[in-house]
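# An overview of the molecular structure
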Amino acid sequence: MNCFSTRISLILVALILFSTSVFAGPLDDYYLQQFDESKSVQLQKAVLSLPTDVQEAARCGMPLKHGLKRDWKLLELSTQKVLAKQLALPVLSGTEQTIVSPSGRFKIHYTVTGADAVPSLAWVQTVAQTFDDVAVSYIALHWQLAPTNSNSAYDVYLEDLAPQRYYGVTNSDLAVSTPSRQNAYTSWIELDNNFTDSIYRNYTPLQSLQITAAHEYHHAIQYGYSYYFDIWYAEATSTWMEDELYDGVNQLYSYIPTWFSQSTLSLDISESTTTGGGYGRWIFNRYLAEKHTPAMIRSAWEKLADISSPGGSDIPMTPVLDSLLSSTYATSLSTDFMGFARQVYMRNWITHLAETDKIHVYSPDATYVSYPVNGTVSTPSPSVTLPHYSFAYYKFAPSSSVPALTITIAKSSGIQTAVFRKSSGVITEIISTNGGNSYTDNSFSNADEVVLLIANITSNYESANANFSTDGTTLAVTAMPTVSGSAATCFIATAAYGSYLHPQVQLLRNFRDDYLLTNAPGRAFVALYYRCSPPLADFIARHPYLRAVTRLALTPLVTAIVHPLLALFSLLLFGCTVLLLRLQRRKAASLNATRYIVRDI
Amino acid sequence: MPKGILFSLAFLVCTMIYSTASAAAKRPPEVWNYYHFDGVAFTSGSAVDGSAFIAVREKTRPVVLTIETSPSESTPIPEGSGVIAGICYLQSTGGKLGSGSGFKSYPRVPLLISTAGKPFVTVQTDDLGYFVVVLPAATYTVGSGPATAEISVEPGITTLVPLRVGKRMAD
């Protein structure tokens, strides 16, 4: 009975301890709601089902908007102001006037009073002529011009956009599906009324007008190819077109440094001038255009136009580019991305030669001046983990004590490398040995620099990694496969705790990043986990009791991570208790056996 | 004491503790939960910028609010019905000089809801661009034309739907 009581007590204590985690459901909701961060547990179905259930863009506003446009002139000015604000139609600060461009293709809406007032009628005419010039240029480059509602003139509104810090805005309007353009939409453009505000100071008003017209009207063209374009590539293409149409303005070069200094971010990250996303990626289009002709970029948009939207969401552009390059240009996005990464260092551009100096030079992630370089003594550590379509450069400064340099690399799937030697300003690529894992420069001390390029050239591995040394020592590497949806998520834990942002899930993620991904067995385990867990996690997420059970099951792991010493102590205590019980049992059995022997005697 | 009784006793104790813990983990049904639209999806909590959000409660019709408070009116959902609630919005992205990313709601627009290929009901978004509709359990198509949302309505469940009605490239 004593033995039974001890066991029951142990079970009770363990259950009470473990059950506390079950209370985390409402508690984490409370905190996450306080910090306005997370999705809730209770209505998980409602939230989790959104990305797949919602197809898109039900054009729910369009019938009314269409009617409003039709009856616009019949409304009172005060009514127009209220309705136009609500329906996102521009309301100019004074009476709206219009002129049609000389070609008849564009209708420019403007006012001469209030904040939106244009400087002069001549300026409006300049705007109209600029849009005509832009359209002619796009026709010459064989782009299909933007569709319009009922084949009327394309609407351009001149407004004071400086307070919003915009040059221009292109808005989607109505679906105008045709057999060859099933996802085509019309659009309209808003443009700053004068480009004289200080925020546009680096360029003349005419220059700002020119590049903005080229940029925004290309967005209008993009809506005509497919409404479901991938936004990063839309910005990359519109920005690239600025220089194709107005080569002398060169604002676009200012977006490159933020990409090259953060080249470990993926090619297709969201548009942002602080990361180089979207806008800065225009230079990749120049590389493709130089290698395959500018028509290749147009072909990519034509290919996009033939693709149906996946469930109503935007169509990812990197597979479209890869498909086009493979089918038409006998190459691949992987090959061309590696070629581009090489070009970043080699700088052998063949067009716009007068502007080559404006292209930002490569930015090494680390420069090594003392040798050997290895994972033990070097700072920063000679290793990198790269997401899909990203790259990193490492510079080795010559040293008189190192006459020859051998770089040994361990790289996971998805990684490709190249090593360059610059001497007297001349760049040569060093041929690899040892199956592409070793590069040797026999006259390193005489070089200007030696540079190592490491690139993840695939979309298959979200966390490809590589490490290198100059003394032959390397660490094991494992690539983590790309997982659709939220990459690098603890699926089961997220399902069990109800939110990716739950503190316990964050804890497990940190443990994965800090302890598992830093060694080969850990990375292998994580890779296996990411292959197997998504369907299991989906099943758990849909069953509340399973989520509670999973939280219970995860509690010892979470506790061990938070209190490793306590966990170790508990484990030792548990081990000792079991050992003690076994010893007692053996002793009792031995005594019984002795009794039997005594009795027999 | 016989082993069978001891085992049953242990099982009973374990079951009681687990059941109590599980029951305690369930959110009280009378609590309203708030969801706001962050430009991509509905996220728990009210909007920090004072914009509208949806209050959701089990088996009760959701309510669109602008101030975090328990709705004074509580309309129960009929037995066997569920709710589709959501927002019609314009997606805004880009920005050469600053971030132009965000969204703009679309007020007073009609939304056709059909099921099995036949129109079922037309609702209209409110002044804040939100809509709430109680429907018998079934699969519905929200919106019309090439862009639609397929929603499966389950009894007592509220499904939150953001409907993108346009893209705005701001530079």
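Bear in mind that the values here come from a model prediction, so they are computed numbers and not experimental data.

Conventions we followed
Residues numbered from 1 in each chain as written. Chains lettered and ligands numbered in written order. Predicted model: local features only at pLDDT ≥ 70, side-chain atom pairs only at ≥ 80, totals over all residues. Helix = DSSP H or I, 4+ residues; strand = E, 2+ residues; numbered from the N terminus. Buried ≥ 20, exposed ≤ 12 C-beta atoms within 10 Å, placed from the backbone. Contact = placed C-beta atoms within 7 Å. pLDDT = per-residue confidence, 0-100. Expected span 1.5 Å × (residues − 1). Core = buried A, V, L, I, M, F, W, Y, C linked by C-beta atoms within 7 Å. Pairing = 2+ DSSP bridges. Axes fitted to C-alpha atoms, helices over the stretch in contact; angles between N-to-C directions. Domains from an automatic or database assignment. Nonpolar A, V, L, I, M, F, W, Y, C, P; charged D, E, K, R; others polar.

Of regular secondary structure, chain B possesses 1 helix and 12 strands. Within chain B, the fraction of its 171 residues that count as buried is 42%.

In terms of helices and strands, chain A carries 19 helices and 16 strands. When burial is assessed residue by residue, chain A has 40% of its 601 residues classed as buried. Taking the intrachain contacts of chain A between residues at least 6 apart in sequence as the baseline, contacts between residues at least 24 apart amount to 68%.

Keep in mind that most residues, glycine aside, have a negative phi and that most peptide bonds are trans. All names here are of chain A. Cis geometry is adopted by the peptide bond preceding proline 372, which originates at tyrosine 371 and carries an omega value of 5°. As for its position among the elements, proline 372 is in the loop between strand S6 (364–368) and strand S7 (383–386). Cis geometry marks the peptide bond from threonine 379 to proline 380, where omega comes out at -5°. Mapping proline 380 onto the fold places it in the loop between S6 and S7. Residue asparagine 250 is not a glycine yet carries a positive backbone phi of 70°.

Our focus in this paragraph is the confidence of the model for chain B. Interpretation of this model should avoid reading the predicted coordinates in detail wherever pLDDT is low. Per-residue pLDDT for chain B has a mean of 82; in total, 85% of the residues score no lower than 70. Interface confidence for the predicted complex, expressed as ipTM, amounts to 0.74; the pTM equals 0.72.

This paragraph deals with helix H14 (residues 333–346) of chain A. Residues spaced three or four apart along an α-helix face the same direction, because each turn holds 3.6 residues. Residue and element names in this part refer to chain A. Across its 14 residues, H14 extends 19 Å between first and last C-alpha, which sits within 8% of the 20 Å expected from 1.5 Å per residue. Across the 14 residues that make up H14, a large majority, 11, are buried. Of the residues making up H14, those classed as buried are Leu333, Ser334, Asp336, Phe337, Met338, Phe340, Ala341, Arg342, Gln343, Val344 and Tyr345. On its buried side, H14 packs onto helix H10 (256–260), helix H11 (282–292), helix H13 (317–328), strand S8 (390–396), strand S10 (415–423) and strand S14 (449–456). Within two residues after H14, arginine 347 carries a phi angle of roughly 60°, on the positive side.

So, on to the nonpolar core. Judged by nonpolar contacts, the single largest core of 109 residues is most densely connected at Val127(A), Leu453(A) and Ile454(A). For this core, the element with the highest residue contribution is helix H8 (residues 205–225) of chain A, accounting for 9 residues. Contacts of Ile454(A), omitting those with residues within four sequence positions, involve Val384(A), Leu386(A), Phe391(A), Ala392(A), Ile415(A), Thr417(A) and Ala466(A). In terms of nonpolar packing, the next biggest core, distinct from the first, is built from 36 residues, Ile77(B), Ile84(B), Tyr106(B) and Ile151(B) among them.

In this section: the sheet that holds strand S11 (residues 426–430) of chain A. Residues and elements named next belong to chain A. Strand order across the open sheet formed by 5 strands is S6-S8-S14-S10-S11, with mixed pairing between neighbours. In this open sheet, the two strands that pair with only one neighbour each are S6 and S11. Going from strand to strand, the sheet's axes swing by 25° on average, the running direction of each strand aside. Pairing between S10 and S11: 5 bridges, direction antiparallel. By the bridge assignment for S11, arginine 421 is matched with threonine 428. Contacting S8, S10, S11 and S14, H14 crosses the sheet at an angle of about 155° to S14.

Take the domain arrangement of chain A next. Residue and element names in this part refer to chain A. What the domain assignment lists for chain A is domain 1 (92–227), domain 2 (233–239 + 257–357) and domain 3 (364–481). A C-alpha centroid distance of 25 Å is found between domain 2 and domain 3. On the side of domain 3, 19 residues touch domain 2, which itself brings 14 residues to the contact. In terms of residue count, the dominant contributor to the side of domain 2 that touches domain 3 is H14 (7 residues). Here the side of domain 2 that touches domain 3 is composed, by residue class, of 7 nonpolar, 5 polar and 2 charged.

Our next topic: the confidence of the model for chain A. All names here are of chain A. Chain-level statistics for chain A give a pLDDT mean of 83 and a share of 79% at 70 or above. Confidence over residues 21–28 falls short of pLDDT 50; this stretch has 23 contacts with residues more than four positions distant or in other chains. Scored below 50 in pLDDT, residues 30–66 shows 98 contacts in the model against residues more than four places distant or in partner chains.

The next thing to look at is the environment of Leu135(B). Residues and elements named next belong to chain B. For leucine 135, the position within the fold is in strand S9 (residues 130–136). The spatial distance from the C-alpha of leucine 135 to the C-alpha of valine 83 is 5.9 Å, given a sequence separation of 52 residues. If near-sequence neighbours (up to four positions away) are discounted, leucine 135 is found in contact with Ser81, Gly82, Ile84, Tyr140 and Val153.

On to the environment of Gln210(A), then. Residue and element names in this part refer to chain A. As for its position among the elements, glutamine 210 is in helix H8. Residues glutamine 210 and threonine 126, spaced 84 residues apart in sequence, show a C-alpha to C-alpha distance of 9.9 Å. Contact partners of glutamine 210, with chain neighbours within four places excluded, come to Thr130, Tyr246 and Val249.

All names here are of chain B. Spatial ordering of the open sheet is given by S2-S1-S3-S4, a layout of 4 strands whose pairing is antiparallel. Of all strands in the sheet, those with a lone pairing partner are strand S2 (42–44) and strand S4 (60–65), marking the two edges. Shown here is a sheet whose adjacent strand axes are inclined to one another by a mean of 30°, direction ignored.

To continue, consider the pairing of strand S6 (residues 102–105) of chain B. Residues and elements named next belong to chain B. Residue alternation in S6 divides its side chains into a buried set, Phe103 and Ser105, and an unburied set, Gly102 and Lys104. Of the strand pairs in this sheet, strand S5 (residues 81–94) and S6 are connected by 4 bridges, and their pairing is antiparallel. In the strand pairing of S6, leucine 90 is matched with lysine 104.

Attention now goes to helix H9 (residues 231–245) of chain A. Across its 15 residues, H9(A) extends 21 Å between first and last C-alpha, which sits within 8% of the 21 Å expected from 1.5 Å per residue. Burial of H9(A) is extensive: 15 of the 15 residues sit out of reach of the surface.

Let us look at the environment of Ile315(A). Residue and element names in this part refer to chain A. If you trace the backbone, isoleucine 315 turns up in the loop between helix H12 (295–305) and H13. Judged by local crowding, isoleucine 315 falls into the partly exposed class, with 19 C-beta atoms found within 10 Å. For the pair formed by isoleucine 315 and alanine 537, sequence separation is 222 residues and the distance between their alpha carbons is 26 Å. Excluding its chain neighbours within four sequence positions, the residues that come into contact with isoleucine 315 are Ser226, Tyr228, Asp230, Leu304, Ile307, Ser309, Pro310 and Val320.

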